[in-house]
Amino acid sequence: MTMQDRYPLAYKTYPYAKCADQEAEAPARHPVVVVGGGPVGMALALDLALKGTRVLVLDDHEGVGMGSRAICFAKRQLEILDRLGCGETVAQKGVVWNIGKVFHGEEKVYEFNLLPEDGHKFPAFINLQQPYFEKFVLDHVAALQAQGLPLEIRGKNRVDAIEQDAEGATLTVMTPDGPYQVAADYVVACDGASSPLRKMLGLGFEGEVFKDSFLIADVRMKADFPTERWFWFDPPSKAGASQLLHKQPDDVWRIDFQIGWDADRAEEMKEANIRKRVAQMIGDDVEFELVWSSIYTFQCRRMTQFQDGRVIFAGDAAHQVSPFGARGANSGLQDADNLAWKLQLVLEGKAPPALLASYDDERIHGAKENILNSTRATDFITPKSEVSRQFRDAVLTLSKDHDFARPFVNSGRLSVPCTYDGSALNTDDALPAGPPRTRPGAPCPDAPLDEGFLLGRLGRAKDAAFQLLALDAEVPEAFSAHGIDCEVIALSVAENDMLRERYLGGARSAVYLIRPDQHVAARFGSFDAAETTEALGRAIGKEL
Amino acid sequence: MGQLNTTRNMAQADDVYEMLIDAHEGKSKPESDAFNARLIITLINHIGDKEVIAQALAIAEG
Ligand SMILES: Cc1cc2nc3c(=O)[nH]c(=O)nc-3n(C[C@H](O)[C@H](O)[C@H](O)COP(=O)(O)OP(=O)(O)OC[C@H]3O[C@@H](n4cnc5c(N)ncnc54)[C@H](O)[C@@H]3O)c2cc1C
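About the thresholds
Sequence order as written defines residue numbering, which begins from 1 separately in each chain. Following the order in which they are written, the chains are lettered starting with A and the ligands numbered starting with 1. Since the coordinates come from a predicted model, pLDDT governs what is reported: local features require at least 70, and pairs of side-chain atoms require 80 or more to be given and counted, while whole-chain, interface and lining totals use all residues. Hydrogens and water molecules were not included; the side-chain quantities draw on all heavy atoms of the structure. Only the stretch in contact is used when fitting a helix axis, every axis being a line fitted to C-alpha atoms; angles between N-to-C directions are given from 0 to 180 degrees. Where helices and strands are cited, they refer to DSSP runs of H or I of at least four residues and of E of at least two residues respectively, numbered from the N terminus. Oblique is the label for any angle not covered by the other classes, which are roughly parallel (under 35 degrees), roughly antiparallel (over 145) and roughly perpendicular (65 to 115). Any two residues having at least one pair of non-hydrogen atoms within 4.5 Å are treated as being in contact. Each residue is assigned to one class: nonpolar for Ala, Val, Leu, Ile, Met, Phe, Trp, Tyr, Cys and Pro, charged for Asp, Glu, Lys and Arg, and polar for all the others, Gly among them. Each residue is tested against the molecule or strand, and it is near if at least one of its non-hydrogen atoms lies within 4 Å. Here a polar contact is taken to be a pair of N or O atoms separated by no more than 3.5 Å, where protein atoms must pair a possible hydrogen donor with a possible acceptor and residues adjacent in sequence count only if both atoms sit in side chains. Only the protein chains shown count as covering a residue, and every accessible area follows the Shrake-Rupley method with a 1.4 Å probe. Here the rule is simple: two strands pair whenever DSSP picks up at least two bridges between them. Each domain's extent was defined by an automatic or database domain assignment. Buried surface area refers to the total accessible area, computed with a probe of radius 1.4 Å, that the two partners give up upon joining, counted for both partners together. Note: pLDDT gives the predictor's confidence per residue, expressed from 0 to 100. Salt bridge, as applied in this entry: a Lys or Arg side-chain nitrogen positioned within 4 Å of an Asp or Glu carboxyl oxygen. When accessible area is computed with a 1.4 Å probe and restricted to protein chains, residues below 20% of their type maximum are described as buried, those above 50% as exposed, and intermediate ones as partly exposed.

Quick look at the packing of helix α9 (residues 355-381) of chain A against helix α10 (residues 386-401) of chain A
Residues and elements named next belong to chain A. Here α9 crosses α10 at 85°, and the two axes come no closer than 9 Å. Classified by the interaxial angle, the pair formed by α9 and α10 is roughly perpendicular. Within the contact between the two elements, α9 uses Asp379, Phe380 and Ile381 and α10 uses Ser388, Arg392, Val395 and Leu396. Grouping the constituent residues of the contact of α9 with α10 by class yields four nonpolar, one polar and two charged.

Spelled out as structure tokens, the structure:
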């Protein structure tokens, strides 16, 4: 049986090997099968396996695909990876940047600084080629597998069919040795934007297609452009209607050209033509090597629901955005972060299956926010009508001399973590003087501690336990309710202004109930066992 | 939340109307369109209130 790869590999990390399940009389049963070993599938599988669940990942290739795709990774995603044990490796290889410049024609119209706040372990953004990102996660997984991590990855295992009932699902998997079946209590579909599972289940994927196309060229060159994000509207080179230049590690630069909907793809993809465009932009005399190129068009769309019985969708399979704003992989990792602990508690029988409905609610809230931002940026960059272009150009023209117009310039609103306002898992804010940024639903912002950083202590990877974070408040040494043991972390804000500013605001003391994904479930001025018990019950879906 | 002023507010209505028309004098259609767009963005910033702008948009809709 030959199985053709759909794309070339950068790293062959999980070569095909025949396994016992293929010989089994009846389909072997697994608690969780993750379909797709991209960044989202791997993060989810790693999180679940660290918490003790046996996870099987099926991927139709044997490793990490070539071609960079994502390059901008946001702080929140590094924090998620850090919780899983590989944030530092990823961050170290990445290029840190803070300044973005926007040009219109020859002139610079706008400049922004991401102004990273002090007292965070990770920078606001790093640039890193997606294959590196995936490789570092897989290396970390391999090291943990050697120590017994219950995570198995099967390469060249392509899911071709699915059947589900109330108890679980059965997958038909194609391999070089022919098909076999596996059964699972839950299947998580992380099979990418064209998700075969979504199609097999006949689920919709509604949204907007943008009538434009972009040519990406990753080029290696020794250039002295600064480490900044440069975006041109109507660039002087005329190499595209808009143009982006962004640095990656290893002297590689990402260049994006907006080439229009009617572009002749085959013609544009010829190396000579790509080289011509790049030369138009960087100058004829600059030597460069073409590392990777691709043409993409894009959609902003999502599924109406991310859960269909025993099948749960995450990442690009569930939602897709334009690349402006770096929200694709970034939001997919937040899906994984949100789902892992919920699935874990449900599988352990500690939370009702209804808890999974909150994944749907919270991450659809996230997807809506991302789609809204991404659609608006796209409308600004590729105006859909004459009048839309007039306003766009008016904003750009005014921005050169007038600061007031600059907030209207939109070359992508960069990914920020989602706050789950209004989630049914939240308990009403009981710390009225507390800072809004740490209200229930918010992801905990980092802060420096005497040793290390706050986030290094929150959201334990190894189980789905909640934590109580007490700031200058009286708390018991341990707290347990609903069969969940909460670790209690008692800190003082004395001589720690950042911790005070981010978690106390005008309050004198506080007790935070923190979810395993480092989001705030509830906060109070002082500890009360009954209130905390009620909030914990709510946060694990007892009221759903 | 702001309220759009829909009472008479422009004392020198004729003067201002003339300024507006004069500003377009000698401009081609695309130049006039671009000018109007810049004017609207500038005034929107001056108003600085999403609610008021929503009310103005509704009036313009007719
Ligand atoms: C040009 C471009 C630039 C981008 N820039 C950014 C950026 O700067 N920042 C950012 O955050 N995001 C960016 N993105 C988006 C990012 O690349 C995606 O969001 C991300 O890869 C999604 O991860 P995923 O794991 O959901 O899906 P994928 O990475 O698509 O992985 C899906 C996996 O499922 C496997 N699979 C598919 N079908 C089957 C099957 N039947 N059986 C088994 N396995 C299967 C595939 O082989 C693949 O390994 C960009 C995307 C593009 C195209």
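Topic: the site of the ligand
Residue and element names in this part refer to chain A. Taken together, 32 residues surround the ligand, and among them Tyr7, Asp59, Asp60, Arg69 and Asp316 come closest. Side-chain polar atom of Arg6 to an oxygen atom of the ligand: 3.2 Å apart, as the coordinates give it. Contact between the ligand and Ile71: an oxygen atom at 3.2 Å from a main-chain N or O atom of the residue. Burial of the ligand by the surrounding chains reaches 90%, relative to a free accessible area of 1000 Å². Here the element with the most residues in the shell around the ligand is helix α8 (residues 328-347); it accounts for three residues. Here the shell around the ligand is composed, by residue class, of 16 nonpolar, nine polar and seven charged.

Some details on the sheet that holds strand β7 (residues 99-104) of chain A
Residue and element names in this part refer to chain A. Pairing is mixed across the open sheet formed by eight strands, whose spatial order is β8-β7-β15-β16-β17-β14-β18-β21. Looking at the sheet topology across the chains shown, the edges are occupied by β8 (107-113) and β21 (319-320). The pairing of strand β14 (residues 206-220) with strand β17 (residues 252-258) spans seven bridges and is classified as antiparallel. Following the sheet pairing, Ala217 is matched in β17 by Ile255. With respect to the sheet, helix α7 (residues 271-282) is in contact with β14, β15 (229-233), β16 (242-248), β17 and β18 (289-302), its orientation differing from that of β17 by roughly 100°.

Some remarks on the sheet that holds strand β6 (residues 95-96) of chain A
Residue and element names in this part refer to chain A. Read across the open sheet, the three strands follow the order β5-β9-β6; overall the sheet is antiparallel. Of all strands in the sheet, those with a lone pairing partner are β5 (72-74) and β6, marking the two edges. Strand direction decides the pairing type here: β5 and strand β9 (residues 125-127), joined by three bridges, are antiparallel. Each residue of the ladder has a partner; that of Phe73, found in β9, is Ile126.

Notes on the domain arrangement of chain A
Residue and element names in this part refer to chain A. Here chain A is partitioned into domain 1 (9-95 + 126-205 + 301-354) and domain 2 (436-539). Look at where the C-alpha atoms of domain 1 and domain 2 centre, and you get two points 29 Å apart. Counting residues at the interface gives 13 residues for domain 1, matched by 19 residues for domain 2. Summing both sides of the interface, domain 1 and domain 2 together bury roughly 1300 Å²; the carbon and sulfur share of this comes to 54%. Three residues stand out in domain 1 for area buried against domain 2, namely Arg76, Arg83 and Trp341, and they jointly supply 46% of the buried area on that side. Linking domain 1 with domain 2 are three residue pairs in polar contact (both at pLDDT 80 or more), by the criterion used here. Within the residue set of the side of domain 1 that touches domain 2, elements represented by two or more residues are α1 (39-50), α2 (75-83) and α8. Ranked by residue count, the leading element in the side of domain 1 that touches domain 2 is α8, at six residues. Along the lines of polarity and charge, the residues of the side of domain 1 that touches domain 2 split into three nonpolar, two polar and eight charged.

Side note on the interface of chain B and chain A
Between chain B and chain A, the contact holds nine residues from the first and eight residues from the second. Buried area between chain B and chain A, both sides added, is near 820 Å², and the carbon and sulfur share of it is 82%. Area buried by chain B at its contact with chain A is led by Arg38(B), Ile41(B) and Asn45(B), which between them contribute 57% of it. One can count one residue pair in polar contact (both at pLDDT 80 or more) joining chain B with chain A.

As for the confidence of the model for chain B
Summing up the model confidence of chain B, the mean pLDDT is 97 and the portion of residues at 70 or higher is 100%. At the level of chain-chain contacts, confidence expressed as ipTM amounts to 0.97, with global pTM at 0.95.

Considering the pattern of salt bridges
All names here are of chain A. Tallied over the entire structure, the rule returns 44 salt bridges over all chains. The closest approach of N and O atoms between Arg76 and Glu79, which form a salt bridge, is 3.2 Å. Taken together, the residues Arg76 and Glu79, both in helix α2 and three residues apart, mark about one turn of the helix. Its relative accessible area of 3% is what places Arg76 among the buried residues. In this structure, a network of salt bridges that share partners links the residues Asp47, Lys51, Lys75, Arg76, Glu79, Arg83 and Asp337.

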